Amino acid sequence: MTNPKDSTGAQVPNPAEEASGSSRRNFLSEITAMALGVAGIGSIVVTTRYLSPNVLFEPPTSFRIGPPDDYPVNSVTYLPDQQVYIVRTPEGFYAESAICTHLGCITQWKPELNMIACPCHGSKFKREGSVEAGPAPRPLTHFAVRLTPDGDLLVDTLEIVQQTQVLKV
Ligand code: FES
């Protein structure tokens, strides 16, 4: 269908076609603006994530565990945040890892059996960490325990000590 012509012979635009072309242009403009907006927001998110540092928060390797009087003689106290047992014997204090030396499961203190047991593959440890039943290949790791100047116990998991080392208080 051709558009009507005016007295000079030029084509006169059809108002219906003009309106439809205008709405198509508006629609395409809106779609383009939305696509650019989404792309802009996406690039801002990606840039922000790229610029923010990848930080791994780990528990501190040295931590206070309070005064000695908080721990009765012949007690085993599990500290879940640090995955450490604090053991007080008549001879003194020691701290040992609760992480099984087989494949790294968290062990459990069994007071009724006076032993530490691993729920994963059945390893059993004496209270002082020696292996009583495998498959754990090594005893539980012992960490240094010190007394701070203000009288708190301090455990340092970066300093591994002999099983026989105890802090006399
Ligand atoms: S992880 Fe403890 S026995 Fe396997």
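In this text the structure is predicted, and so the values were computed from the model without any measurement. (Residues numbered from 1 in each chain as written. Predicted model: local features only at pLDDT ≥ 70, side-chain atom pairs only at ≥ 80, totals over all residues.)

Student: So what's going on with the overall build of the protein chain? Which residues, and what values?
Tutor: In terms of regular secondary structure, the protein chain is built from 1 helix and 10 strands. Mapped in sequence order, the helices and strands of the protein chain form the string α-β-β-β-β-β-β-β-β-β-β. Per-residue burial over the protein chain gives 15% buried out of 169 residues. Relative to all contacts within the protein chain whose residues are 6 or more apart in sequence, the contacts with residues 24 or more apart total 35%. (Helix = DSSP H or I, 4+ residues; strand = E, 2+ residues; numbered from the N terminus. Buried ≥ 20, exposed ≤ 12 C-beta atoms within 10 Å, placed from the backbone. Contact = placed C-beta atoms within 7 Å.)

Student: I'd like a description of the sheet that holds strand 5 (residues 108–110), backed by residues and values.
Tutor: Reading across the sheet, the 4 strands line up as 5-6-7-8 and stay open at both edges, with antiparallel pairing between neighbours. At either end of the open sheet lies a strand with only one pairing partner, and these are strand 5 and strand 8 (131–133). Neighbour to neighbour, the strand axes of the sheet diverge by 35° on average, direction disregarded. Pairing of strand 6 (residues 115–117) with strand 7 (residues 124–126), which is carried by 3 bridges, proceeds in the antiparallel orientation. By the bridge assignment for strand 7, I116 is matched with F125. (Pairing = 2+ DSSP bridges. Axes fitted to C-alpha atoms, helices over the stretch in contact; angles between N-to-C directions.)

Student: Before we move on, can you summarise the pairing of strand 10 (residues 153–161) with the specific residues and values?
Tutor: With 4 bridges joining them, strand 1 (residues 62–66) and strand 10 adopt antiparallel strand pairing. Within strand 10, the position partnered with G66 by the bridge is L153. The pairing of strand 9 (residues 142–147) with strand 10 spans 6 bridges and is classified as antiparallel. Each bridged residue has a counterpart across the sheet, and for H142 the counterpart in strand 10 is V161. Connecting the antiparallel pair strand 9 and strand 10 is a turn made up of 5 residues, with G151 showing a positive phi of about 90°.

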